[in-house]
Amino acid sequence: MNQPQKQPQNYEIQPFFSTWLHPKKTAQYLIDHKKWTYALIFVLLGGMASGITGLEDTTYYPTYSTWILLLGCIVAGPFIGIVSVSISTFFTWLIGKIFGGKGSFEDIFKVTSLTAIPTIGISPFLLVWMANFPLTYFDTGQETNLVTIMSAIVFWLVTLVTGIWAFVINVAGVAIAHRFSNWKAFFTIIIPGIILLLVVIGLVLLFLSFAIL
């Protein structure tokens, strides 16, 4: 008697949740099953979230209300997100090709979009903090107290952890997209940053040399 065959099951991965613990599996899922427009959602939201994060310890408040500042993040954030991710994608694609990578520009764009998820994840907490305790979220020039100090410590710890994890996600995604080792992915990501740093240092030294003369 023939045994009934098991029907194949299609498991729908939710990148926002799976990328935290399974970045490579999530990256492969985006490459195989999602279009670049799907990844664009993370890029747009990530731009807004980065804007909210960047407001911490700034002096815009109380000159501008929190709602005006939030509106600025909503309007300008997506544009900044698209530009920054596109530039990052280009250099990651280019350097990866030099290392023998096989990923297309679209594949790199998809996996790079996943790096926005940690920042998106903490943005609701930052919104609550900014809306309800703006005096500790912004640099208002008031006397520093224990609450302000503790708030700053918590913020920087959370930012550090999410930043590190975003880098881990990026390394895993680039390794999958370019189909090479994590070490090659690591250097593919950091080399553009090193080049940019050297260019900035060179420009500063050039400016100082002209200023002295």
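One can find the structure itself at the top, above this paragraph.
Rules behind the numbers
- Per chain, residues are indexed from 1 in the order of the written sequence.
- Local features in a predicted model are, by the rule used here, given only for residues with pLDDT of at least 70; side-chain atom pairs are given and counted only at 80 or more, and totals for whole chains, interfaces and linings are based on all residues.
- Only hydrogens and water are set aside; all other atoms, that is, all heavy atoms of the structure, feed into the side-chain values.
- Within this scheme, the nonpolar core is defined by two criteria: the residues are buried Ala, Val, Leu, Ile, Met, Phe, Trp, Tyr or Cys, and they are joined through side-chain atoms within 4.5 Å.
- With a 1.4 Å probe rolled over the protein chains alone, any residue whose accessible area is under 20% of its type maximum counts as buried; one over 50% counts as exposed, and the rest are partly exposed.
- Helix and strand assignments follow DSSP, with helices taken as H or I runs no shorter than four residues and strands as E runs no shorter than two, numbered in order from the N terminus.
- Whether two residues are in contact is decided by their heavy atoms: any pair within 4.5 Å suffices.
- Exposure above 30% relative accessible area and no salt bridge define the residues that can form patches, which grow by joining like charges within 9 Å and nonpolar side chains of Val, Leu, Ile, Met, Phe, Trp and Tyr within 5 Å.
- Under the convention used here, a 1.4 Å probe and the Shrake-Rupley method define accessible areas, while residue burial counts only the protein chains that appear.
- In what follows, salt bridge is the name for a side-chain nitrogen of Lys or Arg lying within 4 Å of a carboxyl oxygen of Asp or Glu.

Peer 1: Would you explain the nonpolar core in this entry?
Peer 2: The nonpolar side chains of a soluble globular protein tend to be buried, and buried together. Counting 16 residues, the largest nonpolar core has Ala 27, Ile 31, Phe 42, Val 111, Leu 114, Ile 120 and Ala 177 as the members making the most contacts within it. If you tally residues by element for this core, the top one is helix 2 (residues 23-33), at 4 residues. For Phe 42, the residues in contact, after removing those within four places along its chain, are Pro 15, Phe 16, Ser 113, Leu 114, Ala 116, Ile 117 and Ile 120. Core analysis: the second largest hydrophobic core is formed by 13 residues, Leu 55, Tyr 61, Ile 122 and Tyr 137 among them.

Peer 1: Explain a nonpolar patch on the surface here, please?
Peer 2: Nonpolar side chains collect at one region of the surface, where Ile 194, Leu 196, Leu 197, Leu 198, Val 200, Ile 201, Val 204, Leu 205, Phe 207 and Leu 208 lie side by side and expose about 960 Å² of accessible area between them. If you trace the backbone, Ile 201 turns up in helix 9 (residues 182-212). Ile 201 gets classed as partly exposed once you look at its relative accessible area, which sits at 41%.

Peer 1: Got a minute to help me understand the environment of Phe 90 in this structure?
Peer 2: On the secondary structure map, Phe 90 appears in helix 4 (residues 66-98). When its relative accessible area of 39% is taken as the criterion, Phe 90 is described as partly exposed. Along the primary structure Phe 90 and Ile 108 are separated by 18 residues, whereas in three dimensions their C-alpha atoms are 8.3 Å apart.

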